[in-house]
Amino acid sequence: MSLLNGKRIILGISGSIAAFKAPIILRLLVKAGAEVKVVLTDSAKQFVTPLTLSTLSKNKVYCSFINDDENSIWNNHVELGMWADLMLIAPVSANTISKMVSSNSDNFLIATYLSSKCPVFFAPAMDLDMHKHPSVQNNIKKLIEFGNFHIPSTLGSLASGLDGKGRMEEPENIINFLIKYFEKKSPLFKKKILVTAGPTYEPIDSVRFIGNFSTGKMGYAIANEASNQGADVTLISGPTNGLKINDNISVKNIVTSDEMFNKCKDEFVKCEVLIMAAAVADIKPLKVYKSKMKKSLIKSTLEINSTVDILYELGKKKGSKIIIGFALESVNSVVNAEKKLKSKNLDGIVLNSLDNENSCFGSETNKITFLNKKGERNVYPTKDKKLVAKDILQHVKQMF
Ligand code: CTP
């Protein structure tokens, strides 16, 4: 997964023979996890069909101001422009470049470009003499001055049969250009983040254990989001069921709190940030029976011990690392969370209150309050856990 994962991208295509490469760009963007909406000029349709592009993007393709959909009669370029995290116009012809400069909004692509607030990248493609022409060079310069990002044409053989500068950059390089942009912008890029997630199971005998109802969804959402933002993520996970995790996250599976403690110690020394979202069991049997105990014996023989408080132990070795803990509280939530923040030597703590039915174990949503060591308190509404992960990471970014 790259930083393009989850990004909303408008791919604008204008009339140039290089438009035959636009479906490759589209495929690479989709493969990288981006959601792509394509805008075609009329002349681009001579080179590549809307059907190909809508099949590959799994979205409708925008060709004009008028919408075929009966429910609404026009395509809203303002809405589309606002929707995007990034706009890429590839290939961009001399004609479209000129219209972008002069704001000649006679087609949907230019109207969308003018309405967008996101960064715009343009990859010119034209014959070498057109490309060299002072008017084109001047227009490219102006687009750069306007704050757009130029993906320069390359040298090579052109459709005219001539050799020279004017070829659109290769699709793979265009994608790398975009990734590099997001890398530079992401404060989490290459940061080493350790996340723990899920429950721990503390065996009683060969078939029974002490555990809790944690499903790991919150921790996995944090790990995925940190990785989407370019962090180098290691996830230590207790037993979970079918949760999706980005390919480039290093996952260490454990079962018991002792295993989690040992893995955490190994990984903590390497990380810059620890986010301890795991619901570590607080108690474990003093002795684990190898075979299945008779139920009549359990009550009289089961002795309970405390598990190690992993976060507390790691907090003692904090140094310059950022440590975020979780607090699950049912009474005096804020006071108790603040106590944990201090006693475990944390930079921040995510408070989950058990009084909210949309923020319990296993739910898709969560309602959190984020407290930091400066005494600041941010109360959030109930949100999808993926959005909660973004909120938590926003605090981490501010701590760097
Ligand atoms: N935690 C831990 N090791 C434990 C128990 C908890 O590292 N044995 C971590 C959790 O991952 C969480 C934080 O400590 O980040 C607080 O966990 P919580 O269950 O809210 O509190 P406890 O410290 O267990 O205290 P209590 O159950 O009394 O509220």
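Each remark here, short or long, concerns the structure printed above.
These lines cover the structure that appears in this document, whether it is placed above or below. All of these numbers come straight from a predicted model, not from anything done at the bench.

**Regarding the overall build of the protein**
Right, so step 1: What the protein contains, in helices and strands, is 14 helices and 21 strands.
Right, so step 2: Computed over its C-alpha atoms, the radius of gyration of the protein comes to 27 Å, more than 25% above the 21 Å expected for a compact globule of 400 residues.
Right, so step 3: Dimensions along the principal axes, computed over C-alpha positions, put the protein at roughly 90 × 40 × 40 Å.
Right, so step 4: Within the protein, the proportion of its 400 residues that are buried is 50%.
Right, so step 5: For the protein, long-range pairs separated by at least 24 residues make up 67% of all intrachain contacts whose partners lie at least 6 apart in sequence.
Right, so step 6: Of the roughly 19700 Å² that the protein leaves accessible, carbon and sulfur atoms contribute 52%.
Right, so step 7: Here the protein contributes 53 positively and 39 negatively charged side chains, and the mean placements of these two sets differ by 5 Å.

**Points about the packing of helix α4 (residues 94-102) against helix α7 (residues 134-145)**
Right, so step 1: It is at 9 Å that the axes of α4 and α7 come closest, and there the two elements cross at 50 degrees. Here α7 runs oblique to α4, going by the angle between their axes. Considering how the two elements wind past one another, α4 and α7 form a crossing that is left-handed. Residues Ala94, Ile97, Ser98, Met100 and Val101 of α4 form the contact with α7, whose own contacting residues are Val136, Asn139, Ile140, Lys142 and Leu143.
Right, so step 2: Broken down by class, the residue content of the contact of α4 with α7 amounts to seven nonpolar, two polar and one charged.

**Structural notes on the sheet that holds strand β4 (residues 120-124)**
Right, so step 1: A sheet is described by the order of its strands in space; here five strands give the open sequence β2-β1-β3-β4-β5, paired in parallel fashion. Each edge of the sheet is formed by a strand with only one pairing partner; in this case those strands are β2 (35-40) and β5 (149-150).
Right, so step 2: Pairing of strand β3 (residues 86-92) with β4, which is carried by four bridges, proceeds in the parallel orientation. Of the residues in β4, the one forming a bridge with Met87 is Val120.
Right, so step 3: Each of β4 and β5 touches α7; the most contacted strand, β4, lies at about 165 degrees to it.
Right, so step 4: Taken strand by strand, helix α8 (residues 171-185) contacts β3, β4 and β5, and its axis lies near 155 degrees from that of β3.

**Observations concerning the site of the ligand**
Right, so step 1: Lining the immediate environment of the ligand, one finds 16 residues, of which Ala278, Leu311, Phe326, Lys340 and Lys344 sit closest.
Right, so step 2: Separating a nitrogen atom of the ligand from a backbone N or O atom of Val308 is a distance of 2.9 Å.
Right, so step 3: Separating an oxygen atom of the ligand from a backbone N or O atom of Leu311 is a distance of 2.8 Å.
Right, so step 4: Across the complex, the protein chains shield 77% of the 570 Å² of accessible surface that the ligand would expose by itself.
Right, so step 5: Elements represented by at least two residues in the shell around the ligand include exactly α12 (310-315) and β16 (322-329).
Right, so step 6: Among the elements that take part in the shell around the ligand, β16 stands out by supplying four residues, more than any other.
Right, so step 7: In terms of residue class, the shell around the ligand is built from ten nonpolar, two polar and four charged.

**Quick word on α4**
Right, so step 1: Every buried residue belonging to α4 is among Ala94, Thr96, Ile97, Lys99, Met100 and Val101, and all of these are buried.
Right, so step 2: On its buried face, α4 sits against β3, α5 (108-115), β4, α6 (128-132) and α7.
Right, so step 3: One or two steps after α4, the chain reaches Ser103, where phi turns positive at roughly 50 degrees.

**What about unusual backbone geometry?**
Right, so step 1: For the bond running from Ala90 to Pro91, omega is -5 degrees, close enough to zero to count as cis.
Right, so step 2: Within the fold, Pro91 resides in strand β3.
Right, so step 3: We note that Ser103 has phi near 50 degrees; this positive angle belongs to a residue other than glycine.
Right, so step 4: As for its placement among the helices and strands, Ser103 is situated in the loop between α4 and α5.
Right, so step 5: According to the relative accessible area criterion, Ser103 is partly exposed, its value standing at 43%.
Right, so step 6: Unusually for a residue other than glycine, Asn332 sits at a positive phi of about 45 degrees.
Right, so step 7: Residue position: Asn332 is located in the loop between β16 and α13 (333-343).
Right, so step 8: For Asn332, a relative accessible area of 58% gives the class exposed.

**Examining a nonpolar patch on the surface**
Right, so step 1: A cluster of nonpolar side chains, Phe213, Leu328, Leu354 and Phe361, forms an exposed patch at the surface whose accessible area comes to about 440 Å².
Right, so step 2: Residue placement: Leu328 occurs in strand β16.

**Some remarks on the sheet that holds strand β8 (residues 192-197)**
Right, so step 1: Reading across from one edge, β12-β11-β8-β13-β16-β17-β19-β20 is the order of the eight strands in this open sheet, with mixed pairing throughout. The open sheet has two free edges, formed respectively by β12 (250-253) and β20 (377-379), since each of these has just one partner strand. Neighbour to neighbour, the strand axes of the sheet diverge by 15 degrees on average, direction disregarded.
Right, so step 2: Pairing between β8 and strand β13 (residues 273-276): four bridges, direction parallel. Paired with Thr196 across the bridge in β13 is Met276.

**Description of the side chain of Lys284**
Right, so step 1: In this fold, Lys284 is placed in strand β14 (residues 283-285).
Right, so step 2: A polar contact of 2.9 Å, which involves the side chain of Lys284, links it to the side chain of Asp258.
Right, so step 3: Beyond its immediate stretch of four places on either side in the chain, Lys284 contacts Glu202, Ile210, Asp258, Glu303, Ile304, Asn305, Ser306 and Thr307.

Each value, and the rule that gives it
- Residues numbered from 1 in each chain as written.
- Predicted model: local features only at pLDDT ≥ 70, side-chain atom pairs only at ≥ 80, totals over all residues.
- Heavy atoms only, no water.
- Helix = DSSP H or I, 4+ residues; strand = E, 2+ residues; numbered from the N terminus.
- Rg over C-alpha atoms; globule rule 2.2 N^0.38 Å.
- Buried < 20%, exposed > 50% of the residue type's maximum accessible area, 1.4 Å probe, protein only.
- Contact = heavy atoms within 4.5 Å.
- Areas by Shrake-Rupley, 256 points an atom, 1.4 Å probe, with all protein chains shown as cover.
- Lys, Arg positive; Asp, Glu negative; His and termini not counted.
- Charge placed at Lys NZ, Arg CZ, Asp CG, Glu CD.
- Axes fitted to C-alpha atoms, helices over the stretch in contact; angles between N-to-C directions.
- Parallel < 35°, antiparallel > 145°, perpendicular 65-115°, else oblique.
- Left-handed = near helix turned anticlockwise from the far one by under 90°.
- Nonpolar A, V, L, I, M, F, W, Y, C, P; charged D, E, K, R; others polar.
- Pairing = 2+ DSSP bridges.
- Near = heavy atom within 4 Å.
- Polar contact = N/O pair within 3.5 Å; in protein donor to acceptor, adjacent residues only side chain to side chain.
- Patch = residues over 30% accessible without salt bridge, like charges linked within 9 Å, V, L, I, M, F, W, Y side chains within 5 Å.
- Salt bridge = Lys/Arg side-chain N within 4 Å of Asp/Glu carboxyl O.

The analysis is restricted to geometry; functional conclusions fall outside its scope.
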